[in-house]
Amino acid sequence: MRTSSRFIVGRLIDLAVVLFGVSIIVFMMIRLIPGDAVAIMLGANTEITPERIAELEARIGLDKPIYVQYFDWIWGAVRGDFGTSIWTGRPVMSEISANLWPTLELTFLSVLFGAGLSIPIGCFMAEARGKGAEVAVRIGAIAGLTIPSFWLGIVAIFLVSKLLPGVSALGYVPFTEDPLGNLQRMILPVIALGLPMLANLSRLVRSAMLDALSQDYIRTARAKGVPQRGLVYKHALRNALIPFITSVGVATGYLLGGAIVVEQVFAIPGLGRLVLGAIAERNYPLVQASILVMTASFVMVNFFVDLLYAYIDPRVSQ
Amino acid sequence: MRQFIKQNKLLSFAVGFVALQIILALFAPILGFQDPYQQVMIQRMKAPNAVNLLGTDQLGRDVLARIVYGYRTSLVTCLTAVGLALLVGGMLGMLAAYYRGWFDRIVMRFMDILFAFPILLLAIGVIAVIGPSTWGAAIAIAIVYTPIFARLLRGPSLVIVESEYVMGAKAIGASDLRIIFSHLLPNLSSVILVQASLLLSAAILVEASLSFLGLGAQPPIPSLGLMLSEGRNFLLLSPWPAIFAGFAILFLSFGFNLLGDALRDTLDPRLRSDN
């Protein structure tokens, strides 16, 4: 018990250090922009006068010492207050929360698709090792890893609009308004985003299963007459799932990044579109806030995966 | 030679596949391709034909030429990025393993923090700061890959630093630099080759994503990602530029991935992913 609570405290300290470092980097970002960030933020349409610059500097607190600025910013961030958006005047946080749900749904469904299907496919590859069908699936898995998801999305949109005119593949409707329309529009983005994860995890399940199947306890189980199916799905799979869980956590981070591109392809109003729009408008507080929110969620996902990992495999925390 | 090819079929195929694409990109100007910037307005959005083997884009430019020159953009960007990341990240990883102590702790902590960002998001953040361009994309990818190389090289370096021949070298008074460059580095070369190839494969996808989002190469530079995003707007009129550009990205990325896998099997059978 003592070792595992020490493990959790250690991981919590790691978590705090990483989150602190991430926040420093995101905070410094805006201050590293060459040229005067404030003049840039005022935009080309406004006449840039020293008074206007001073006024805006005071509004976003750039006239204070840098460590005060950081603490003001991070204290706001912790309370969910990232200031107001420069262009719309709305709170940054409300813009983020308005765009959060589509990204969450897209990511969640893609993880479900990629991780869920990878288990049967990986088991199949381990069981049928060396057979023609298995080699084909393996080559398909490498291809799945290297297919650009945005290209897959574009080709899918093209095929759907050619073959099934009238079916809308683009855009987003909230699940609460039109559940069927929501899911229908999610199918293609989820496949485009989840396929590389499916390919990656299938390969991982395959090698973990091959590893597990060569262990002594499998030989014992086989000797006492457990049928092949039970051997693969019950005895070996349980142990093969341990490395699998860590990889799901890491892959979720890739998905968060990939979602930015897939949202752009399918015109889904999520966090990715928000970041890209904010960069194009040079709306830096919004850029900072969305990068911080996305990275912090990725860090938290990995933190919980680590804890889960230690819970499943007690050897880790010792 | 024939013997080698016979024994390493996968590696030979991967080397050939990658070499073909690199040669196309490298010698594009003397291989007789059309001018990738030449716009022929009466020949816009043509399907593949005898003059334009892969058709033309929305400005009447030859798609084949733009793809071959797009390979150049992609390879130059990604080789620069992976090279820089290897230089900085690899060096930091080796030094961290060699000196241990506070240096190791500080460097690796910093790498952990960079590693905590989702890859594409960090790249986008870097570009938001330095501005979108081909070099911007190269620097962004280099920064994203630096912690990966640092981690990849630190592990094996720790083992080598503890080995008897390094102890021996220290005992006869070899300098730190000599140990790092003539003992550590040569022993890491196979890890470096394999990982550089695998990471190049991924970098090609990141570069394509960035240019697709308008954050990498800017028009009218021939770029595979840009071709996809431009082609997307004319998809129903002419799907060819988008389809061929996608295949080009796929082949390039697939080639380096296969090469990395095959190199791993050949150079270090112990690292083989499947027994």
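From a predicted model like this one, the values you see are computed outputs, not experimental measurements.

Caption draft 1: Here's a closer look at the overall build of chain B. In terms of regular secondary structure, chain B is built from 10 helices and zero strands. Taking the principal axes of its C-alpha atoms as reference, chain B extends roughly 75 × 50 × 35 Å. Taken across its 275 residues, chain B has 53% of its residues classed as buried. About 12,400 Å² of surface is accessible on chain B, with carbon and sulfur atoms providing 68% of the total. Distance between charge centroids for chain B: 2 Å, based on 19 positive and 14 negative side chains.

Caption draft 2: A look at the interface of chain A and chain B. Counting residues at the interface gives 45 residues for chain A and 41 residues for chain B. When chain A packs against chain B, the two sides together hide about 3,800 Å² of surface, and 78% of this comes from carbon and sulfur. At the surface where chain A touches chain B, the tally comes to two salt bridges. Put simply, D261(B) and R203(A) hold a salt bridge, and the shortest N to O gap is 3.9 Å. Here chain A and chain B share three residue pairs in polar contact (both at pLDDT 80 or more) between them. Contributions of two or more residues to the side of chain A that touches chain B are made by helix 1 (2-32), helix 6 (132-146), helix 7 (149-163), helix 8 (179-213), helix 10 (228-266), helix 11 (271-280) and helix 12 (284-312) of chain A. Counting residues per element, the side of chain A that touches chain B draws most heavily on helix 1 of chain A, which supplies nine residues. Classifying every residue of the side of chain A that touches chain B gives 31 nonpolar, eight polar and six charged.

Caption draft 3: Structural view of the packing of aromatic side chains. One pass over the full model with this rule turns up 15 aromatic pairs over all chains. Ring geometry for W240(B) versus F244(B): centroids 5.8 Å apart, planes at 20°, classification stacked. Remark: F244(B) and W240(B) occur in helix 10 (residues 240-267); sequence separation between them is four residues, near one turn of the helix. By relative accessible area, which is 31% here, W240(B) ends up partly exposed. In this structure an aromatic cluster arises from ring pairing among F20(A), F27(A), Y70(A), F71(A) and W73(A). A cation over an aromatic ring shows up here: R151(B) above the ring of F115(B), its NZ or CZ 4.1 Å from the ring centre.

Caption draft 4: Highlighting the UniProt feature "domain: ABC transmembrane type-1" (unreviewed entry) in chain A. UniProt feature "domain: ABC transmembrane type-1" (unreviewed entry): in the numbering of this structure it lies at residues 100-305 of chain A. Taken end to end, residues 100-305 of chain A comprises 83% helix and 0% strand; its first and last C-alpha atoms sit 22 Å apart.

Caption draft 5: Quick peek at the UniProt feature "domain: ABC transmembrane type-1" (unreviewed entry) in chain B. Under the present numbering, the feature "domain: ABC transmembrane type-1" (unreviewed entry) in UniProt falls on residues 71-260 of chain B. Secondary structure across residues 71-260 of chain B comprises 84% helix and 0% strand; the distance between its end C-alpha atoms is 19 Å.

Caption draft 6: Up close: a nonpolar patch on the surface. All names here are of chain B. A contiguous nonpolar patch, built from I22, I23, L26, F27, I30 and L31 and spanning about 570 Å² of accessible area, is present on the exposed surface. Along the polypeptide, I23 turns up in helix 2 (residues 9-26). On the accessibility criterion, I23 (44% relative accessible area) is partly exposed.

Caption draft 7: Highlighting the UniProt feature "transmembrane region" (unreviewed entry) in chain B. All names here are of chain B. In this numbering, the UniProt entry assigns the feature "transmembrane region" (unreviewed entry) to residues 74-98, 110-129, 191-213 and 234-259. End-to-end, the C-alpha atoms of residues 110-129 are 20 Å apart, and along that stretch the chain is 85% helix and 0% strand. As a span, residues 191-213 carries 96% helix and 0% strand, and end to end its C-alpha atoms are 33 Å apart.

Caption draft 8: Inspection of the pattern of salt bridges at higher detail. Residue and element names in this part refer to chain B. A full pass over the atoms with the stated rule returns 12 salt bridges over all chains. With a shortest N-O distance of 2.9 Å, R154 and D104 are connected by a salt bridge. In this pair, R154 is assigned in helix 6 (residues 134-161) and D104 in helix 4 (residues 101-115), connecting sequence segments 50 residues apart. Given a relative accessible area of 8%, D104 falls into the buried group.

Caption draft 9: Structural view of the nonpolar core. M209(A), I124(B), Y145(B), L210(B) and L228(B) are the most contacted members of the largest nonpolar core, which has 145 residues in total. The greatest single-element share of this core, amounting to 17 residues, is contributed by helix 10 of chain A. Once residues within four sequence positions are removed from consideration, I124(B) is found in contact with I260(A), V275(A), L276(A), I279(A), L210(B), L213(B) and L215(B). Counting 14 residues, the second-largest nonpolar core is a separate cluster that includes V166(B), L184(B), L188(B) and I192(B).

Caption draft 10: The side chain of S110(A), seen in detail. Turning to its location among the elements, S110(A) is positioned in helix 5 (residues 92-127). In this structure, S110(A) is in contact with V190(A), L193(A), G194(A), M197(A) and L255(A), ignoring residues within four places of it in sequence.

Caption draft 11: Spotlight on the packing of helix 10 of chain A against helix 11 of chain A. All names here are of chain A. At a minimum axis separation of 7 Å, helix 10 and helix 11 run at an interaxial angle of 85°. When the interaxial angle is binned, helix 10 and helix 11 end up roughly perpendicular. Taken together, the residues of helix 11 that come into contact with helix 10 (itself represented by I260, E263 and Q264) are L271, G272, R273 and L276. Looking at the contact of helix 10 with helix 11 residue by residue, the classes come out as three nonpolar, two polar and two charged.

Caption draft 12: Expanded view of unusual backbone geometry. Following P219(B), the chain continues into P220(B) via a peptide bond in cis, with omega recorded as 5°. As for its placement among the helices and strands, P220(B) is situated in the loop between helix 8 (176-212) and helix 9 (224-233). Residue A267(A) is not a glycine yet carries a positive backbone phi of 55°. Secondary-structure assignment places A267(A) in the loop between helix 10 and helix 11.

Caption draft 13: Spatial organisation of the environment of A150(B). Residue and element names in this part refer to chain B. With respect to the element layout, A150 can be found in helix 6. The sequence separation of A150 and A169 amounts to 19 residues, and the corresponding C-alpha distance is 24 Å. Ignoring any residue separated from it by four or fewer positions in sequence, one finds A150 in contact with G89, G90, G93, M108 and M111.

Caption draft 14: Representation of empty space enclosed by the protein. Residues and elements named next belong to chain B. Per the counting criterion, the structure on display carries one cavity of 30 Å³ or more. The volume enclosed by the largest cavity comes to roughly 30 Å³. Taken together, M45, D57, Q58, E230, G231, F234, S238 and P241 make up the full set of residues lining the largest cavity. Split into classes, the residues belonging to the lining of the largest cavity amount to three nonpolar, three polar and two charged.

Caption draft 15: Seen up close, helix 6 of chain B. Residues and elements named next belong to chain B. If you check helix 6, its first and last C-alpha atoms are 38 Å apart, about what 28 residues at 1.5 Å a residue would give, namely 40 Å. Maximal helix bending in helix 6 amounts to about 35°, located at Y145; proline P147 follows within four positions. Capping the start of helix 6, S133 holds a side-chain oxygen 3.4 Å from the backbone nitrogen of W135, two or three residues further along.

Procedures and definitions
- Residues numbered from 1 in each chain as written.
- Chains lettered and ligands numbered in written order.
- Predicted model: local features only at pLDDT ≥ 70, side-chain atom pairs only at ≥ 80, totals over all residues.
- Heavy atoms only, no water.
- Helix = DSSP H or I, 4+ residues; strand = E, 2+ residues; numbered from the N terminus.
- Buried < 20%, exposed > 50% of the residue type's maximum accessible area, 1.4 Å probe, protein only.
- Areas by Shrake-Rupley, 256 points an atom, 1.4 Å probe, with all protein chains shown as cover.
- Lys, Arg positive; Asp, Glu negative; His and termini not counted.
- Charge placed at Lys NZ, Arg CZ, Asp CG, Glu CD.
- Contact = heavy atoms within 4.5 Å.
- Buried area = accessible area lost by both parts, 1.4 Å probe.
- Salt bridge = Lys/Arg side-chain N within 4 Å of Asp/Glu carboxyl O.
- Polar contact = N/O pair within 3.5 Å; in protein donor to acceptor, adjacent residues only side chain to side chain.
- Nonpolar A, V, L, I, M, F, W, Y, C, P; charged D, E, K, R; others polar.
- Phe/Tyr/Trp six-rings, centres within 6.5 Å; stacked < 30°, edge-to-face > 60°.
- Lys NZ or Arg CZ within 6 Å of the ring centre and 35° of its normal.
- UniProt positions renumbered as here; feature names shortened; annotations may be inferred.
- Patch = residues over 30% accessible without salt bridge, like charges linked within 9 Å, V, L, I, M, F, W, Y side chains within 5 Å.
- Core = buried A, V, L, I, M, F, W, Y, C linked by side-chain atoms within 4.5 Å.
- Axes fitted to C-alpha atoms, helices over the stretch in contact; angles between N-to-C directions.
- Parallel < 35°, antiparallel > 145°, perpendicular 65-115°, else oblique.
- 1 Å grid on protein atoms, 1.4 Å probe; cavity = no way out; pocket = protein on both sides within 12 Å on 5 of 7 lines; lining within 4 Å.
- Points joined across faces, edges and corners; volume = space filled by probe spheres on them.
- Expected span 1.5 Å × (residues − 1).
- Bend = angle between axes of the 7 residues up to and from the residue.

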